[in-house]
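# Analysis of the macromolecular model
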Amino acid sequence: MEVSISAVTDASFEAEVLQAGQPVLVDFWATWCAPCRMIAPVVKQVAEELNGRIKVVKMDIDANPATPGRLGIMSIPTLIIFKDGQPAERTVGFRSNLKGDLKEKLEGLI
């Protein structure tokens, strides 16, 4: 099933992520970041497999510097899972078994 991953901005972050009624996986990325392109299909697969139980969004850190700054994001790609408005899990960079790891963490929070 095709799932669209919406983009969030500094302005919409609180409403879309912090006030969401379910766990939210946020993919912090930038257009120039090669590893970000490598994890994009993994993030999409996780979104499709957990569709309806979690929310998945992306944030371009170049267009939206305030939120990554507040969260102390130093390198990308960074994936943060938010639960009840708080960062619950953080993953930095691409690695093997990223998909299994993310699914396990998300399923533990659902």
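Please refer to the structure placed before this passage.
Throughout what follows, the structure given in this document is the object of discussion. Each chain carries its own residue numbering, running from 1 in the written order of its sequence. Selection of residues for local features in this predicted model requires a pLDDT of at least 70, selection of side-chain atom pairs for listing and counting requires 80 or more, and totals for whole chains, interfaces and linings are taken over all residues. Working from all heavy atoms in the structure, the side-chain values ignore hydrogens and water.

### Let's talk about the side chain of Asp 27
As for its position among the elements, Asp 27 is in strand E2 (residues 24-29). Beyond its immediate stretch of four places on either side in the chain, Asp 27 contacts Ile 39, Val 43, Val 57, Lys 58, Met 59, Thr 78 and Leu 79. Secondary structure is summarised from DSSP: a helix means a run of H or I of at least four residues, a strand means a run of E of at least two, and numbering begins at the N terminus for each. Residues count as neighbours in contact if any of their non-hydrogen atoms are within 4.5 Å of one another.

### Comments concerning helix H4 (residues 98-109)
Here the expected span of a helix is defined as 1.5 Å times the quantity of residues minus one. Between the first and last C-alpha of H4 there are 17 Å, a value that for 12 residues agrees with the 16 Å anticipated at 1.5 Å per step. Residues Leu 98, Leu 102, Lys 103, Lys 105, Leu 106 and Leu 109 constitute the buried set of H4. On an axial view of H4, the arc spanned by its buried residues comes to 165°, and they lie on one face. What points out from H4, more than 90 degrees from its buried face, is the exposed set Glu 104 and Gly 108. Here the term buried applies to any residue with accessible area under 20% of the maximum for its type, exposed to any over 50%, and partly exposed to those in between, with areas from a 1.4 Å probe on protein chains only. What the arc describes is the spread of directions from the helix axis to the C-beta atoms.

### Some thoughts on the side chain of Asn 64
Structurally, Asn 64 is set in the loop between strand E3 (55-60) and helix H3 (66-70). Two N or O atoms count as a polar contact when they lie within 3.5 Å, although within protein this holds only if one can serve as hydrogen donor and the other as acceptor, and sequence-adjacent residues are included solely when both atoms are side-chain atoms. A polar atom in the side chain of Asn 64 sits 3.0 Å from the backbone nitrogen of Asp 10. Excluding residues within four positions of it along the chain, Asn 64 makes contact with Val 8, Thr 9, Asp 10 and Met 59.

### A short note on the pattern of salt bridges
Should a side-chain nitrogen of Lys or Arg be within 4 Å of a carboxyl oxygen of Asp or Glu, the pair is scored as a salt bridge. What the rule picks out here adds up to nine salt bridges. Glu 48 is paired through a salt bridge with Lys 44; the nearest N and O atoms lie 3.8 Å apart. Taken as a pair, Glu 48 and Lys 44 lie in helix H2 (residues 34-49) at a separation of four residues, close to a single helical turn. With a relative accessible area of 27%, Glu 48 lands in the partly exposed category. Here Glu 89 ties to Lys 105 by a salt bridge, and the two come within 3.8 Å at their closest N and O atoms. Of this pair, Glu 89 sits in strand E5 (residues 86-92) while Lys 105 sits in helix H4; the two residues are 16 residues apart in sequence, bridging distant segments of the chain. Salt bridges sharing common partners tie together Glu 89, Arg 95, Asp 101 and Lys 105.

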